[in-house]
Amino acid sequence: MTSSEQPLLPRQDDAGRRKRVRRTTFVVTFVVLAFYFGFIAMMFYRATHAQ
Amino acid sequence: MAEKPHSEVHAHDDHDHKPHGWRRWVFATNHKDIGTMYLVFSCIMFFTGGLFAMVIRAELFKPGLQVVDAGVFNSLTTMHGLVMIFGAIMPAWVGLANWMIPIQIGAPDMALPRLNNLSFWILPFAFLLLLSSWLVPGSAPAGGWTMYPPLTLQFGASFPMLIFAIHMMGISSILGAINVIVTIMNLRAPGMTLLRMPLFVWTWLITSFLLVAVMPVLAGAVTMMLTDHFFGTSFFNAAGGGDPVMFQHIFWFFGHPEVYIMILPGFGVVSEVIPAFSRKPLFGYEAMVYATASIAFLSFIVWAHHMFTVGLPLSALLFFMFATMLIAVPTGVKVFNWTATMWRGSLSFEPPMLFAIAFLFLFTIGGFSGLMLAMVPADFQYQDTYFVVAHFHYVLVSGSAFAIMAGVYYWLPKWVGRMYDLRLATWHFWLSAIFFNVLFFPQHFLGLAGMPRRIPDYAVQFADWNMVSSIGGFAFGLSQLLFPYIIWKCVRSGQRVEGTRAWEGARGLEWELPSPAPYHSWTTPPTEAMIARGAEH
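Residue positions within a chain follow its written sequence, with the count starting from 1. All chains are assigned letters beginning with A, and all ligands numbers beginning with 1, in the order in which they are written. Local features in this predicted model are restricted to residues whose pLDDT is 70 or higher, and side-chain atom pairs enter the listing and the counts only when it is 80 or higher, whereas totals over whole chains, interfaces and linings include all residues.

1. Regarding the overall build of chain A
Link 1 in the chain: For chain A, the helix and strand inventory stands at one helix and zero strands.
Link 2 in the chain: Comment: burial labels come from other C-beta atoms within 10 Å of the residue's own C-beta, placed from the backbone, where a count of 20 or more is buried, 12 or fewer is exposed, and between is partly exposed. For chain A, buried positions account for 14% of its 51 residues. Numbering of helices and strands runs from the N terminus; a helix is a DSSP stretch of H or I covering at least four residues, while a strand is a stretch of E covering at least two.

So this is what it looks like as structure tokens:
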């Protein structure tokens, strides 16, 4: 039996907690993407505006 | 009053709905299964990277070229670094995090179990890609694990394989870090406040923030290198107006926090092991938390100490020198607190404690040589010599590998419900500790005498200490074979652990669970009394 067939565990079933999990995941993922594209954008700006 | 083990209170845990066969592993979403897979993968990579190191030491056994040519030697040093850092140490920590964080905070599993599966299964493919680069024309990457352009841009077919593998490893680490942050922030049992969390959880939370901040930076750097190579950009190409030194800045903005990514969880393990075998609460729990956070913060503002000789302005040299030295303060707090924990404790020296104490001594030696390297005028002499090799192996082998072994020997009885052969594990420790020093201590002398790093051949005046170092290397490598044997023997025929605690002085929620820990643990939250017992700092 895979975990998708298992009953949801008690505190993961809690809607408020699920919402918080989603929100935290979203925020952290946003930070990751900001760092990734931010650094490339910074280098791009530096390369195109140097002297 | 003694309480019943958790499984007796909540018999539901005994209904281990455990999938069987290959599906259990391929579709794994259970944190313990995924943790086990990470640890096994890490062990395989540890021996793969170790094999590369053995060939390196065989080549350096005496002057001249005997075993491999210079190109293969360069590939070996590069692959040894990449495999050990991204394949052995980091997955070992993620494996320990997967196993321990949910049961230490009273959570039933990681918050994002399917993401957890994905972050593990990316790794074998990443390393298959990286290791198969040995087979393509031009052989494996040979420009060092730091991948500096323009050298790295000159690789043959292995270049895109390296870049793609790095991206995959980065994605795996980022997904793992997101999972750890979300789990700790949202799935702590009621009553498990932040300042009641075990130090291993704290150090992993801080490590995850480091991962989230710096792995995308590495990914950005290698993406820019990829576009330089294939799409005609000139981010790091001086001929097109780019700046190769800029790559070094970006790389080390990732690279220095990466060092702490590999070490902070080790601080956590040692902070669990030393109190357990001193039979005393950890001295200065809150100071330890703040010191860890301070080290993590400082790790972002010291990167240029890796590149003092590229031609930085004096003000930058001074800033990075002093900022680097500042790290000694929170690190000193930690070393003081571990020592103070042992002070007048009722000490015993089982294998986890032996590895933790070795960590304390040897990591401190690595820290001191780090301070020497932090001094700009001195670094101009030490730069690119074997002194640097000795320094970072003292930090990473004794800091990370020994701490991983301390953690595995500490929690193994909880994982499998059996005790391992303590005598054999003690042999493993002494052989590792002695031959680690025989291997790496002479490299300080070689570096101070001027032997450059990353060379397959050397002048004859370096011959004696290189021979000693190689003998230490072979003995250290061989003695590591004991590690998987001890674990295999424990799983097969170790003596069953009675009760919940494998170690008399062990505290924390994991020791409230029966041994072995049930497949589904903490489906009902731990009681306040259980949490309070574990949080006696």
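2. A short note on helix α4 (residues 70–105) of chain B
All names here are of chain B.
Link 1 in the chain: Here a helix's expected span is defined as the number of its residues, less one, multiplied by 1.5 Å. The terminal C-alpha atoms of α4, which comprises 36 residues, lie 50 Å apart, in line with the 52 Å expected from a rise of 1.5 Å per residue.
Link 2 in the chain: Bend, in this description, refers to the angle at a residue between axes fitted to the seven residues ending there and the seven starting there. Met84 marks where α4 bends most, by close to 35°.
Link 3 in the chain: Of all 36 residues in α4, 32 are buried, a share of seventy percent or more.
Link 4 in the chain: Where α4 ends, the next residue or the one after it, Gly106, has phi of about 75°, a positive value.

3. Quick look at the environment of Gly170 of chain B
All names here are of chain B.
Link 1 in the chain: With respect to the helices, strands and loops of the structure, Gly170 is situated in helix α6 (residues 158–186).
Link 2 in the chain: Expressed as a C-alpha distance, the spacing of Gly170 and Pro442, which sit 272 residues apart in the sequence, is 34 Å.
Link 3 in the chain: We call two residues in contact when their backbone-placed C-beta atoms lie within 7 Å. Here Gly170 is in contact with Met215, Leu218 and Ala219, once residues within four sequence places are set aside.

4. Here's the deal with the confidence of the model for chain B
Residue and element names in this part refer to chain B.
Link 1 in the chain: Overall, the predicted model of chain B reaches an average pLDDT of 94, with 97% of residues at or above 70.
Link 2 in the chain: pLDDT expresses how confident the predictor is about each individual residue, on a scale running from 0 to 100. A low-confidence stretch, residues 7–14 stays under pLDDT 50, and its non-local contacts, those more than four residues away or across chains, total 15 contacts.
Link 3 in the chain: Quick note on the complex model: pTM equals 0.93, ipTM equals 0.79.

5. What to know about the nonpolar core
Residues and elements named next belong to chain B.
Link 1 in the chain: Nonpolar cores are built from buried Ala, Val, Leu, Ile, Met, Phe, Trp, Tyr and Cys residues. These are joined into a set through C-beta atoms within 7 Å. Val270, Val273, Phe355, Phe359 and Ala406 are the most contacted members of the largest nonpolar core, which has 187 residues in total.
Link 2 in the chain: No other element matches helix α14 (residues 386–416), which puts 22 residues into this core.
Link 3 in the chain: Excluding residues within four positions of it along the chain, Phe355 makes contact with Phe402, Met405, Ala406, Tyr409 and Phe429.

6. As for the packing of helix α15 (residues 422–448) of chain B against helix α16 (residues 463–479) of chain B
All names here are of chain B.
Link 1 in the chain: Axis separation between α15 and α16 bottoms out at 8 Å; the angle between their running directions is 155°. Here α16 runs roughly antiparallel to α15, going by the angle between their axes. Crossing hand, α15 versus α16: left-handed. Between α15, through His428, Leu431, Ser432, Phe435, Phe436, Val438, Leu439, Pro442, Gln443, Phe445 and Leu446, and α16, the contact on the second element is made entirely by Trp465, Asn466, Val468, Ser469, Ile471, Gly472, Gly473, Ala475, Phe476 and Ser479.
Link 2 in the chain: In the scheme used here, Gly and all other residues not listed as nonpolar or charged are polar, with Ala, Val, Leu, Ile, Met, Phe, Trp, Tyr, Cys and Pro taken as nonpolar and Asp, Glu, Lys and Arg as charged. For the contact of α15 with α16, the residue count by class is 13 nonpolar, eight polar and no charged. Lines fitted to the C-alpha atoms define the axes, with helices restricted to the stretch that makes contact. Angles between their N-to-C directions range from 0 to 180 degrees. For classification purposes, an angle smaller than 35 degrees is called roughly parallel, one larger than 145 roughly antiparallel, one from 65 to 115 roughly perpendicular, and anything else oblique. In this scheme the handedness of a crossing depends on how the near helix is turned from the far one: anticlockwise by less than a right angle means left-handed, clockwise means right-handed.

7. Re the interface of chain A and chain B
For interface size, the figure often reported is the accessible area lost on association.
Link 1 in the chain: Facing the 24 residues of chain A at the interface are 34 residues of chain B.
Link 2 in the chain: Broken down by class, the residue content of the side of chain A that touches chain B amounts to 14 nonpolar, seven polar and three charged.

8. Thoughts on helix α5 (residues 113–131) of chain B
Residue and element names in this part refer to chain B.
Link 1 in the chain: Taking 1.5 Å as the rise per residue, α5 with 19 residues should run 27 Å; its terminal C-alpha atoms sit 28 Å apart, in good agreement.
Link 2 in the chain: For α5, every residue scored as buried is listed here: Pro113, Asn116, Asn117, Ser119, Phe120, Leu123, Ala126, Phe127 and Leu130.
Link 3 in the chain: Buried positions along α5 lie against α3 (31–59), α4 and α6.

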